[in-house]
Amino acid sequence: MTKRAFITGVTGQDGAYLAQFLLEKGYEVSGLVRRSSTAEVNDVRLKWLGIAGHIQLIDGDLLDLSGLIRTIREVRPDEVYNLGAQSFVRSSWQQPLLTGQVTALGVTNVLEAMRLTCPEARFYQASSSEMYGLIQEDMQTETTPFYPRSPYAVAKLYGHWITVNYRESFGMHASSGILFNHESPLRGIEFVTRKVTDGVARIKLGLAKELRLGNIDAKRDWGHSRDYVEAMWLMLQQEVADDYVIATGRTTTVREMCEIAFQHAGVSIDEHLVIDPELFRPAEVDVLLGDPSKAKAKLGWEAKTTLEDMIFEMVDADIRRLS
Ligand code: NDP
Ligand code: GDP
């Protein structure tokens, strides 16, 4: 029997890679799309992967519970992946209430819609390493205490615990993936890796003279989105729902990540990188480093792509895109 998957956030980076992964596995895939006056661009990532025509796109919004109930009742999914969110940390200080409504309460809306229409379906929540914030252990595991440092991280923490709570309260197969930063050529341009690879490509092609960044001493555990969506799927194939850290186990400064990108493009970092104090955040997450041991032991999952290979892929893609 063909399995059906429903993805919120299907137009985002992970949504696109996950949809591709599930189509290759033979799933019927549908996804929630926010209605936009520029509809021709909101499936740009799905088009990039060549899968736009293979997914059923349904208008809706995480804030609209009645729409979610109707949609999920119609789709009758076996698996629901909740990837939709206001996902950019910096914007969450600008729009803290919206971030709370979408990134936190939106999770409850999806869980409620499922509880009312398909409580047997399996649920994946896109939790985030940002929940660790001011880290309480050098390497973060599933049991490390959380200390969120932005409205985004606070909202994700709610989403994480409401997922655990629906599992414990109603016996739902609800899992939460605590994913560390993951990137790709489809990453939003506002995130630092993509900002760097796009900026380097522009400088290389003579379209820009400088790249302005904020705190380049921050450290992140960066993996590839294509690898990480497989972990999401693996979580939903387990007999028992659970929570997993998904990470590479290596942390790198923004500065080192920039050096990899500049060097790959043959562009001088000293001549073009400018530090802009305006780009520092009200509260910073200085370092994140995940311990993916549980995912390796229980899911048989580990990251495949190195930071270097991923940055090379992103720089090359941005040079092609801009050429
Ligand atoms: P993106 O920002 O690329 O995608 C977010 C998606 O959410 C988009 O499809 C967006 O739609 C959708 N969305 C936003 N608001 C709403 C709303 N009100 N109703 C319905 N859909 C909405 O994020 P990623 O793909 O990178 O990340 C996927 C998920 O994983 C997110 O929840 C993110 O917070 C989380 N996460 C990501 C990490 C990462 O490093 N990438 C790390 C840890 C967690 P639209 O296209 O219309 O904007
Ligand atoms: P985040 O971990 O979800 O906030 O992912 P980002 O890619 O947005 O940021 C990663 C780190 O890069 C954070 O510590 C930022 O402060 C730092 N950083 C430094 N300069 C910039 C910049 O210009 N843009 C972004 N997005 N981040 C920057």
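Note that the structure is predicted; figures quoted are calculated from it, not measured.

Visitor: Can you help me understand the sheet that holds strand 6 (residues 173–179) in this one?
Guide: Two strands in a sheet stick together by hydrogen bonds in their backbones, pointing the same way (parallel) or opposite ways (antiparallel). Taking strand neighbours across the sheet as the criterion, the seven strands line up as 3-2-1-4-5-6-11 in an open arrangement whose pairing is parallel. Each edge of the open sheet carries a strand with a single partner, namely strand 3 (56–59) and strand 11 (243–246). Taking each pair of neighbouring strands and ignoring which way they run, the sheet shows an average axis angle of 20°. Together, strand 5 (122–128), strand 6 and strand 11 form the strand contacts of helix 6 (residues 151–170), whose direction differs from that of strand 5 by roughly 155°.

Visitor: Is there a simple way to explain the site of ligand 2 in this structure?
Guide: Not every one of the 18 residues close to ligand 2 is listed here, only the nearest: Glu130, Lys195, Arg220, Arg281 and Glu284. Arg281 places a polar side-chain atom, nitrogen or oxygen, 2.6 Å from an oxygen atom of ligand 2. Separating an oxygen atom of ligand 2 from a side-chain N or O atom of Glu284 is a distance of 2.6 Å. Looking at side-chain class alone, the shell around ligand 2 contains eight nonpolar, three polar and seven charged residues. In this structure, the shell around ligand 2 is formed jointly by two domains, domain 1 (4–182 + 222–246) and domain 2 (188–220 + 251–288 + 305–322), each of which donates at least three residues.

Visitor: Any chance you could explain the packing of aromatic side chains here in plain terms?
Guide: The geometry of an aromatic ring pair is captured by the separation of the ring centres together with the interplanar angle, meaning the angle of the planes. Following the criterion strictly, the structure yields eight aromatic pairs and no others. Taking the centre distance of 5.6 Å and the plane angle of 65° together, the rings of Phe21 and Trp233 count as edge-to-face. Highlighted residues: Phe21 in helix 1 (residues 13–24) and Trp233 in helix 8 (residues 225–237), separated in sequence by 212 residues. Grouping residues by exposure puts Phe21 and Trp233 together as buried. For the ring pair Phe146 and Trp161, a centre distance of 6.4 Å and an interplane angle of 80° mean the geometry is edge-to-face. Of this pair, Phe146 sits in the loop between strand 5 and helix 6 while Trp161 is found in helix 6, placing the two residues 15 residues apart along the sequence. Ring pairs connect the aromatic residues Tyr132, Phe146, Trp161 and Phe180, which therefore count as one cluster. Over the ring of Phe191 we find Arg187; its NZ or CZ atom is 3.6 Å from the centre of that ring.

Visitor: Would you mind showing me how to read the pattern of salt bridges here?
Guide: In a structure, side chains of opposite charge can pair up when their charged atoms sit close to one another. Applying the stated criterion to the full structure yields 18 salt bridges. Measuring nitrogen to oxygen at the nearest pair gives 2.7 Å for the salt bridge that ties Glu183 to Arg187. Residue classification places Glu183 among the buried residues on the basis of a relative accessible area of 1%. Among the residues examined, Arg187 registers a relative accessible area of 13% and is labelled buried. Each of Glu130, Arg220 and Glu284 takes part in a single network of salt bridges with overlapping partners.

Definitions and cut-offs
Residues numbered from 1 in each chain as written. Chains lettered and ligands numbered in written order. Predicted model: local features only at pLDDT ≥ 70, side-chain atom pairs only at ≥ 80, totals over all residues. Heavy atoms only, no water. Pairing = 2+ DSSP bridges. Helix = DSSP H or I, 4+ residues; strand = E, 2+ residues; numbered from the N terminus. Axes fitted to C-alpha atoms, helices over the stretch in contact; angles between N-to-C directions. Contact = heavy atoms within 4.5 Å. Near = heavy atom within 4 Å. Polar contact = N/O pair within 3.5 Å; in protein donor to acceptor, adjacent residues only side chain to side chain. Nonpolar A, V, L, I, M, F, W, Y, C, P; charged D, E, K, R; others polar. Domains from an automatic or database assignment. Phe/Tyr/Trp six-rings, centres within 6.5 Å; stacked < 30°, edge-to-face > 60°. Buried < 20%, exposed > 50% of the residue type's maximum accessible area, 1.4 Å probe, protein only. Lys NZ or Arg CZ within 6 Å of the ring centre and 35° of its normal. Salt bridge = Lys/Arg side-chain N within 4 Å of Asp/Glu carboxyl O.

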